[in-house]
Amino acid sequence: MAYVISSDCISCGACEGECTVSAISEGDDRYVINADLCIDCGSCASVCPVEAPNPA
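In what follows, the accompanying structure is described. These numbers were taken from a predicted model, which means no experiment stands behind them.

Concerning the overall build of the protein
Point 1. The secondary structure content of the protein amounts to two helices and four strands.
Point 2. The C-alpha atoms of the protein give a radius of gyration of 9 Å, which matches the 10 Å a tight globule of 56 residues would have.
Point 3. Overall, the C-alpha framework of the protein stretches about 25 × 20 × 20 Å when taken along its three principal axes.
Point 4. Sorting the 56 residues of the protein into buried and exposed places 32% on the buried side.
Point 5. At a minimum sequence separation of 6, the contacts of the protein that also span at least 24 residues come to 55%.
Point 6. For the protein, the accessible surface area stands at approximately 3400 Å², while carbon and sulfur atoms represent 45% of it.

Right, dumping it as structure tokens:
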């Protein structure tokens with residue numbers, strides 16, 4: 001099950017740099033996670049200042 005980024009995202013980019021499989025990219029109004037690439041490791045959630053990434 002992949003992580004998803006909620007609307008709480010403040011587009012700081014901390015999660016993108018932490019993703020070991022490059023599953024996170026900048027979207028229109030927040031960062032997004034490619035579910036096909038996400039390995040459900042939680043690295044993105046551990047660095048997010050607003051706890052936007054969560055398990056789907």
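Some thoughts on unusual backbone geometry
Point 1. Even without a glycine there, the phi angle at Ser11 is positive, about 55°.
Point 2. Turning to its location among the elements, Ser11 is positioned in the loop between strand E1 (3-5) and helix H1 (14-18).
Point 3. The phi dihedral of Asp40 falls on the positive side, at around 60°, and the residue is not glycine.
Point 4. On the secondary structure map, Asp40 appears in the loop between strand E3 (31-33) and helix H2 (43-47).

Re a nonpolar patch on the surface
Point 1. Together, Val21, Leu37 and Ile39 make up a nonpolar patch on the protein surface, roughly 240 Å² of accessible area in all.
Point 2. Structurally, Leu37 can be placed in the loop between E3 and H2.
Point 3. Taking the relative accessible area as the measure of exposure, Leu37 reaches 39% and is therefore partly exposed.

Thoughts on the nonpolar core
Point 1. In this structure, Ile5, Cys15, Ile24, Tyr31, Ile33, Cys38 and Cys44 are the most contacted members of the largest nonpolar core, which totals 14 residues.
Point 2. Of all the secondary structure elements, the ones that give two or more residues to this core are E1 and E3.
Point 3. In contact with Ile33, other than residues within four places in its own chain, are Tyr3, Val4, Ile5, Ala23, Ile24, Cys38 and Cys44.

Thresholds applied
Every residue gets a number counted from 1 within its own chain, in the order that chain's sequence is written. Given that the model is predicted, a residue must reach a pLDDT of at least 70 before its local features are reported, and side-chain atom pairs must reach 80 or more before they are shown or counted; all residues, however, enter totals for whole chains, interfaces and linings. Side-chain measures here rest on the full set of heavy atoms in the structure, leaving out hydrogens and waters. Elements are defined by DSSP. Helices are runs of H or I of four residues or more, strands are runs of E of two residues or more, and each kind is numbered from the N terminus. Only C-alpha atoms enter the radius of gyration; for comparison, a globular chain is expected to reach 2.2 Å times N to the power 0.38, where N is the number of residues. The classification of residues rests on relative accessible area computed with a 1.4 Å probe and restricted to protein chains. Under 20% of the type maximum is buried, over 50% is exposed, and intermediate values are partly exposed. Residues are treated as being in contact if the distance between any of their heavy atoms lies within 4.5 Å. Note on areas: Shrake-Rupley with a 1.4 Å probe; residue coverage comes only from the protein chains shown. For patch detection, residues must exceed 30% relative accessible area and be free of salt bridges, and they are connected within 9 Å for like charges or within 5 Å for nonpolar side chains (Val, Leu, Ile, Met, Phe, Trp, Tyr). Every case where a carboxyl oxygen of Asp or Glu lies within 4 Å of a side-chain nitrogen of Lys or Arg is listed as a salt bridge. What is meant by a nonpolar core is a set of buried Ala, Val, Leu, Ile, Met, Phe, Trp, Tyr and Cys residues, joined one to another through side-chain atoms within 4.5 Å.

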